[in-house]
Amino acid sequence: MAALKVVRSGSRLLNGFQSLLNNPRKVTCGVAATVTKHPRWYCVSHLSVQERIERKRKAALSGGGQQRIEAQHRRGKLTARERVELLLDPDSFVEYDMFVEHRCSDFGMEADHNKYPGDSVVTGQGRINGRLVYVFSQDFTVFGGSLSGAHAQKICKIMDQAMMVGAPVIGLNDSGGARIQEGVESLAGYADIFLRNVMASGVIPQISLIMGPCAGGAVYSPALTDFTFMVKDTSYLFITGPDVVKSVTNEDVTQEELGGAKTHTAVSGVAHKAFENDIDALLNLREFFNFLPLSNKDSAPITECHDPSDRLVPGLDTVVPLETTKAYDMLDIIHGIADEREFFEIMPNYAKNIVVGFARMNGRTVGIVGNQPKVASGCLDINSSVKGARFVRFCDAFNIPIITFVDVPGFLPGTAQEYGGIIRHGAKLLFAFAEATVPKITVITRKAYGGAYDVMSSKHLRGDVNYAWPSAEVAVMGAKGAVQIIFRGKENQAEAEAEYVEKFANPFPAAVRGFVDDIIQPSMTRKRICRDLEVLASKKQANPWKKHANIPL
Amino acid sequence: SSAFVLGPNCCSSVLQTFDKILIANRGEIACRVMKTCKKMGIKTVAVHSDVDSSAVHVKMADEAVCVGPAPTNKSYLNMDAILEAARQTGAQAVHPGYGFLSENKEFARRLAAHGVTFIGPDTHAIQAMGDKIESKLIAKKAKVNTIPGFDGVVKDAEEAVRIAGEIGYPVMIKASAGGGGKGMRIAWNDEETREGFRFSSQEAASSFGDDRLLIEKFIDNPRHIEIQVLADKHGNALWLNERECSIQRRNQKVVEEAPSTFLDPETRCAMGEQAVSLAKAVQYSSAGTVEFLVDSKKNFYFLEMNTRLQVEHPITECITGLDLVQQMIRVAKGYPLQHRQADIPINGWAIESRVYAEDPYKSFGLPSIGRLSQYQEPVNIPAVRVDSGIQEGSDISIYYDPMISKLVTYGSTRAEALQRMEEALDNYVIRGVTHNIPLLREIITHPRFVSGDISTKFLQEVYPEGFKGHQLSDSERWELLATAVALFVAAQLRSQRFLGNLRVSSSQQEQRRWELSVELEKGVHAVTVSRSGSTYAVDLDGKRVDVSSEWNLASALLPVTVNGTQRTVQCLSRSASGEIDLQYLGTSYKLRVLSKLAAALNKHMPEKVPEDTSSILRSPMPGSVVAVSVKAGDTVAEGQEICVIEAMKMQNSMTAAKTAKVKSVHCNAGDTVGEGDLLVELE
């Protein structure tokens, strides 16, 4: 496991002491305050308890000290406390465990100057737009944010409480890794957190925001949470850093290439979104938080909405091109129907042939899944299936209705897909849609071909309301392929193709069988969905008792 | 003003004309013609290209026929297909609109041969006036003032230079067959004459299939004023007053008005009489326009006659009360004119702004394409007429003219019409394409325009460095900053309002006072805001600005009252990280509002370095590459032509921004390029 070396800071303590003597009143609380280093050896019994409390608090607020704070700022990063303060409503943060210190007694760690009140993480609870959230924020200025037993214990404490009261946990990760001086204690700490991540999964939303390094075993905590966001240029996620990669596989790779925001949001799919910098990330996280229910016992939030629920969207009547082979942008449809055209897209740069994200309909949070005809014709492949499946399962776990827009020509053929296990991965999306019991509304905008039709929240997988636009074609495959099979070797292929198109390239075959509930004018879509969501708000549906399902992983 | 909103009264007399008319055009003019047809009880047939299958004019028509693929020479200029459509649908007449086949004598002739009435003048008049050289000879004969230095057909660049020398610079070069300003270039020296010759002959060949050119004396600082005429087949002709069309860029009209502030009744009458005499000289029938250049001493010179309905005809309809399309249809059927010259009034004032999908910050407007994701016309404002052929969801494509609409306002006085234009522009919602509303609004509020002190040089003179958007005064800046801040707080407050029982803290009190920071054009201002009801009191730079509104955050239009002044601003976008784009006084401004804390911490955020663009030439618009003049390794001088991009039938020369060696060329002649595509890299 990668870890940062702990930098000894003894030599700098003297300077701090002197400045304290010169300006005994200079120490102030707060983020921007001039922080003075405390000579811990001076804290002896003749100081009153009250004074010691004050000193410890001040020391905790100053983290690893002014110089390390400045170094953090020079890297373009904010401190752990600045981040918490920006993330939460003003004055809402209630801190826990400010007095906790690490318990390591090896390698000189027991020395007073190596003890930092609160250790290398800030924990507590607060509010985002008035709603409760638990937060931990790793402090890179203290031992590089490395994870000690005490650090892990602090995180576990807030996670346990978040589980009990039913409130999300947000982790702001900025840590060099394990506290090597503590050895197995640190490893145990990680495992304690992992276990809680797993127990909390599906109970409370868990969000990770990677704001610095996150390497080694540490990466598995974000990986277990529901959403992992990153900050561009200043955050990294990898199992082993470039040096180890070089020594093991002889690959030359930079940190950024190996585990930067671009890699994880576009290539690996490990992270769900990246933001420009710390401030951008934290402000966006506040916005994102408003979409989420506090726990699986709470319904999806409804915010005040100024957008009329019966608004017609005339632009949708022309969005699907007349030529069935021509692409269009599914986001045009999503923006068109969503409240105020607002859509918080998840994984916008990964597996772009499927679009997933959150929006509101008449103020109510919904999850939206849509095939993207603009990219790879909107086909389903390994990556898009996994991306879609994970999103659908999150929505189902947290009572968020799912709206699915279907324009899918099928699963992507080829050896790469078959060898990669498209059968197994495609099954995940099928599984996720089928098991979901939240309200499910599906709109077939154009193609719904083959097995992919079944997968995309079809009526057969307990879709509550399934619509077709007049441009919809529900069929086993496109006309050309179908005719080649049905009329193999026969003449008049063109005529047969025309007949097939006439019969199947329209919404009627599905509508006469009741596989779609109605054929609607595209401009009416928003109005219809808003109305359906109101009806389905009281939907009750349960799956058979089981310990847990066995999703094809 | 009875024709202002084309009311039923103008067509009330039940008049037997045609049962069915085919409109050989697209977009707003096709829709405009159909409106009158519907009022006259005439069935309509639309023709369209395949990409226009769901266009507004197609939906509006009773029948529609696809006449070919997107390129205009395969569809809207495809005579065979259009004649076949007329035959197939049994249309008795064809209205050609403007552009396309409207001034094509061959089309008129072939229609006649098929027994279909062409709604326009007969072929003789089209031919006579369509040829710029012939038209001037006829004009001279009819005692119409003509421009000095008028000459003949041009064979090559050197002859062009010789002719130009004889006339004396500056000279204007254009295609003989071309209408309007398209293909018109001005040369001030021999070099520019050669360049102008090359461009104009290319454009003439590609747009009109006729590479004849015309060179004539260019009148400096002129006004472009045109007379609308209306004539019947019985030798009667009227002039319907003038239209002032001096506000132009690249010789294309941008803002027009009727009447002109410049003409006195005598000049108007003289111009009108000459226009009518020209019309009579060619036995003109139908509506037509005689264009004049007018100099500062009110001398006027015949420019050309457009033998069709003009784009800017609505302003004439507004002040005269006539429906020109109805008049054209009547005349085409052979009815005599209903009016005498003395019946033609000037009632009030009308102004037309041409709203284009183009970027006004680049050469006063380079085409932009895209999908109109949101679109609302300001038709709720009284005395506003919007002629358009698009709607929300329509695509503005590279194939056709990028005009979105013609926005016309009317008033009993010019000031009233201008006031309404200002309001209409502020309430016009266009999203998804770049548009020229910032420029239009600046023009119509500019002191020179307001006082009527204009010429065709207006834009170059007022914006010698190019258009840069509205320049804020101090008080406007405060207004804008305060509006952004108030909007930010209103949005913040709303994001805390959850409906139903959602475990929101009850002990947390709704905030009443905020300390914020707002950034605009690199200037950061600390502000404090306090709220009472829906009014936000914003303190900034020692000023107090009160902003109130209903704060409907879903509406594209945000009506606000700022220190008592009512305005409509538009919120173009709002991001979670405090960025707010506002369209204010027509121009869009990027602002950023942050809490005091976030603003203080913002200094630690790393600067992200944008791409160095000085050595990179990107396509400023979507279009096709006509020619590439350099290859890798060449050394180019600053200002030297690198390649030519054609878009919307306009050829644009791309020049080097600095003297350097060409590193690599990324385009070839014939390529289609998108906006921002890399064309050439310099070292």
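Residues numbered from 1 in each chain as written. Chains lettered and ligands numbered in written order. Predicted model: local features only at pLDDT ≥ 70, side-chain atom pairs only at ≥ 80, totals over all residues. Heavy atoms only, no water.

If you look chain B up in an unreviewed UniProt entry, it shows as Propionyl-CoA carboxylase alpha chain, mitochondrial from Scleropages formosus. Turning to chain B, the UniProt record has this under Cofactor (unreviewed entry): "biotin". The Subcellular location (unreviewed entry) field of the UniProt record for chain B holds the comment "Mitochondrion matrix". (UniProt positions renumbered as here; feature names shortened; annotations may be inferred.)

Check the secondary structure of chain A and you find 20 helices and 18 strands. With respect to the three principal axes, the spread of C-alpha positions in chain A is 100 × 55 × 45 Å. Here chain A holds 553 residues, and the buried ones make up 56% of them. Summarising the internal contacts of chain A: among those between residues at least 6 apart in sequence, 74% fall at separations of at least 24. Within the structure as shown, chain A displays about 22,900 Å² of accessible surface, and the carbon and sulfur contribution to it stands at 55%. Considering chain A, the positive charge centre built from 62 side chains and the negative charge centre built from 60 side chains are found 4 Å apart. (Helix = DSSP H or I, 4+ residues; strand = E, 2+ residues; numbered from the N terminus. Buried < 20%, exposed > 50% of the residue type's maximum accessible area, 1.4 Å probe, protein only. Contact = heavy atoms within 4.5 Å. Areas by Shrake-Rupley, 256 points an atom, 1.4 Å probe, with all protein chains shown as cover. Lys, Arg positive; Asp, Glu negative; His and termini not counted. Charge placed at Lys NZ, Arg CZ, Asp CG, Glu CD.)

A word on the overall build of chain B. Assigned secondary structure in chain B consists of 17 helices and 39 strands. For 683 residues, the compact-globule estimate of 2.2 N^0.38 gives 26 Å, and chain B sits close to it at 27 Å. Burial analysis of chain B (683 residues in total) assigns 58% to the buried set. Relative to all contacts within chain B whose residues are 6 or more apart in sequence, the contacts with residues 24 or more apart total 63%. About 26,200 Å² of surface is accessible on chain B, with carbon and sulfur atoms providing 48% of the total. Distance from the positive charge centre (76 side chains) to the negative charge centre (84 side chains) of chain B: 3 Å. (Rg over C-alpha atoms; globule rule 2.2 N^0.38 Å.)

This part is about the sheet that holds strand β6 (residues 171-175) of chain B. Residues and elements named next belong to chain B. With antiparallel pairing, the three strands of this open sheet are ordered in space as β7-β6-β8. In this open sheet, the two strands that pair with only one neighbour each are β7 (185-187) and β8 (213-217). On average, adjacent strands in this sheet sit at an angle of 25° to one another, irrespective of strand direction. Relative to β7, β6 runs antiparallel, the two sharing three bridges. (Pairing = 2+ DSSP bridges. Axes fitted to C-alpha atoms, helices over the stretch in contact; angles between N-to-C directions.)

A word on the packing of aromatic side chains. On inspection of all chains with the given rule, the structure shows 31 aromatic pairs over all chains. Plain terms: the ring middles of A:Y116 and A:F143 are 5.4 Å apart, the flat faces sit at 85° to each other, and that makes the pair edge-to-face. Here A:Y116 is found in the loop between β1 (94-96) and β2 (121-128), whereas its partner A:F143 is found in the loop between β3 (131-138) and α5 (149-165), with 27 residues between them in sequence. For the pair A:Y116 and A:F143, a shared accessibility class is recorded, and that class is buried. For the ring pair B:Y536 and B:W551, a centre distance of 5.5 Å and an interplane angle of 75° mean the geometry is edge-to-face. Pair noted here: B:Y536 is in strand β26 (residues 535-540) and B:W551 is in the loop between β27 (543-549) and β28 (557-562), with a separation of 15 residues, a long-range link. A single burial state applies to B:Y536 and to B:W551, both of which are buried. What links up through ring pairs into an aromatic cluster is the set A:F227, A:F229, A:F275, A:F288, A:F291, A:F344, A:F358, A:F391, A:F394 and A:F398. (Phe/Tyr/Trp six-rings, centres within 6.5 Å; stacked < 30°, edge-to-face > 60°.)

What follows covers the pattern of salt bridges. All names here are of chain A. A full pass over the atoms with the stated rule returns 68 salt bridges over all chains. Residue D160 pairs with R196 through a salt bridge whose shortest N-O separation is 2.8 Å. Pair noted here: D160 is in helix α5 and R196 is in helix α6 (residues 184-200), with a separation of 36 residues, a long-range link. Under the relative-accessibility criterion, R196 is labelled partly exposed at 23%. (Salt bridge = Lys/Arg side-chain N within 4 Å of Asp/Glu carboxyl O.)

The next point concerns the packing of helix α1 (residues 27-39) of chain B against helix α11 (residues 324-333) of chain B. Residue and element names in this part refer to chain B. As a packed pair, α1 and α11 sit with axes 9 Å apart at the nearest point and diverge in direction by 65°. Judged by the angle between their axes, α1 and α11 are roughly perpendicular. α11 is crossed by α1, and the crossing has right-handed handedness. Residue-level contacts link R32, V33, T36 and C37 of α1 to L324, V325, Q326 and I329 of α11. (Parallel < 35°, antiparallel > 145°, perpendicular 65-115°, else oblique. Left-handed = near helix turned anticlockwise from the far one by under 90°.)

Together, A:L195, A:V198, A:M199 and A:L224 make up a nonpolar patch on the protein surface, roughly 350 Å² of accessible area in all. The element contributing the most residues to the nonpolar patch is α6(A), with three residues. (Patch = residues over 30% accessible without salt bridge, like charges linked within 9 Å, V, L, I, M, F, W, Y side chains within 5 Å.)

The next point concerns the nonpolar core. Within soluble globular proteins, side chains that are nonpolar generally end up buried alongside one another. The biggest cluster of nonpolar side chains holds 69 residues, and the ones touching the most others in it are A:L172, A:F288 and A:F358. With seven residues, helix α11 (residues 278-289) of chain A is the largest single contributor of residues to this core. If we ignore the near neighbours within four places in the chain, the residues touching A:F288 are A:I207, A:F227, A:F229, A:F344, A:I346 and A:F358. Of all hydrophobic cores here, the second largest spans 38 residues; its members include B:V485, B:A486, B:F488 and B:V518. (Core = buried A, V, L, I, M, F, W, Y, C linked by side-chain atoms within 4.5 Å.)

What follows is about the interface of chain B and chain A. Interfaces are often sized by the accessible area lost when the parts come together. Facing the 39 residues of chain B at the interface are 46 residues of chain A. At the junction of chain B with chain A, the criterion picks out seven salt bridges. A salt bridge links A:E304 to B:R497; its shortest N-O distance comes to 3.1 Å. At the boundary of chain B with chain A, the tally comes to 15 residue pairs in polar contact (both at pLDDT 80 or more). If you list the elements that add at least two residues to the side of chain B that touches chain A, you get α16 (474-494), β23 (498-499), β31 (587-595) and α17 (596-601) of chain B. For the side of chain B that touches chain A, the element with the highest residue contribution is α17(B), accounting for three residues. For the side of chain B that touches chain A, the class distribution of residues is 14 nonpolar, 16 polar and nine charged. (Polar contact = N/O pair within 3.5 Å; in protein donor to acceptor, adjacent residues only side chain to side chain. Nonpolar A, V, L, I, M, F, W, Y, C, P; charged D, E, K, R; others polar.)

The next subject is the side chain of B:N427. Considering the arrangement of structural elements, one finds B:N427 in the loop between α12 (414-426) and β22 (429-431). Setting aside residues no more than four positions away along its own chain, B:N427 makes contact with B:Q376, B:P378, B:I381, B:L557, B:T568 and B:Q570.

Looking now at the pairing of strand β29 (residues 565-574) of chain B. Residues and elements named next belong to chain B. Both β28 and β29 contribute to a ladder of six bridges, which runs antiparallel. When the sheet's bridge partners are listed, T561 is paired in β29 with Q566. Where β28 folds back on β29, the antiparallel hairpin that results is connected by two residues, among which N563 adopts a positive phi of roughly 45°. Counting the residues between successive antiparallel strands, the hairpin from β29 to strand β30 (residues 579-584) contains four residues, one of them, G578, with a positive phi of roughly 90°.

Below, the discussion takes up helix α13 (residues 437-445) of chain B. Within α13(B), eight of the nine residues are buried, leaving the element largely enclosed by the surrounding structure. Within α13(B), burial applies to B:I437, B:P438, B:L439, B:L440, B:R441, B:E442, B:I443 and B:I444.

Mean pLDDT over chain A works out to 90, with 92% of the residues at or above the 70 mark. Throughout residues 1-36 of chain A the model reports pLDDT below 50, and contacts reaching past four residues in sequence, or to other chains, amount to 54 contacts. (pLDDT = per-residue confidence, 0-100.)

On to the pairing of β28(B), then. Each regular strand shows side chains that alternate between the opposite faces of the sheet. With three bridges connecting them, β27(B) and β28(B) associate as antiparallel partners. The partner of B:V547 across the bridge, within β28(B), is B:V562.

The next point concerns the side chain of B:T409. For B:T409, the location among the structural elements is in strand β21 (residues 403-411). There is a polar contact of 2.8 Å between the side chain of B:T409 and the backbone oxygen of B:A417.

Residues and elements named next belong to chain A. Contact pair helix α17 (residues 479-486) / helix α18 (residues 493-504): the axes reach a minimum separation of 9 Å and the direction vectors enclose 120°. Considered as vectors, α17 and α18 are oriented oblique to each other. Judged by the twist between their axes, the crossing of α17 over α18 is right-handed. Here A479, K480, A482, V483, Q484 and I486 of α17 lie close against α18, whose contacting residues are Q493, A496, E497, Y500 and V501. Among the residues making up the contact of α17 with α18, the classes are represented as seven nonpolar, two polar and two charged.

With respect to the element layout, B:T659 can be found in the loop between β36 (650-655) and β37 (660-665). A C-alpha to C-alpha distance of 4.5 Å links B:T659 and B:E638, two positions 21 residues apart in sequence.

All names here are of chain B. The sheet built from eight strands is open, its strands ordered β13-β12-β9-β10-β11-β14-β21-β19 with antiparallel pairing. The sheet is open, and its two borders are formed by β13 (300-306) and β19 (384-388), each paired with just one other strand. Within the sheet, the average angular offset between the axes of one strand and its neighbour, ignoring direction, is 25°. Two elements, strand β9 (residues 223-231) and strand β10 (residues 237-249), share six bridges in a ladder whose sense is antiparallel. Residue V229 lies in a different strand from β10, and its bridge partner there is W239.

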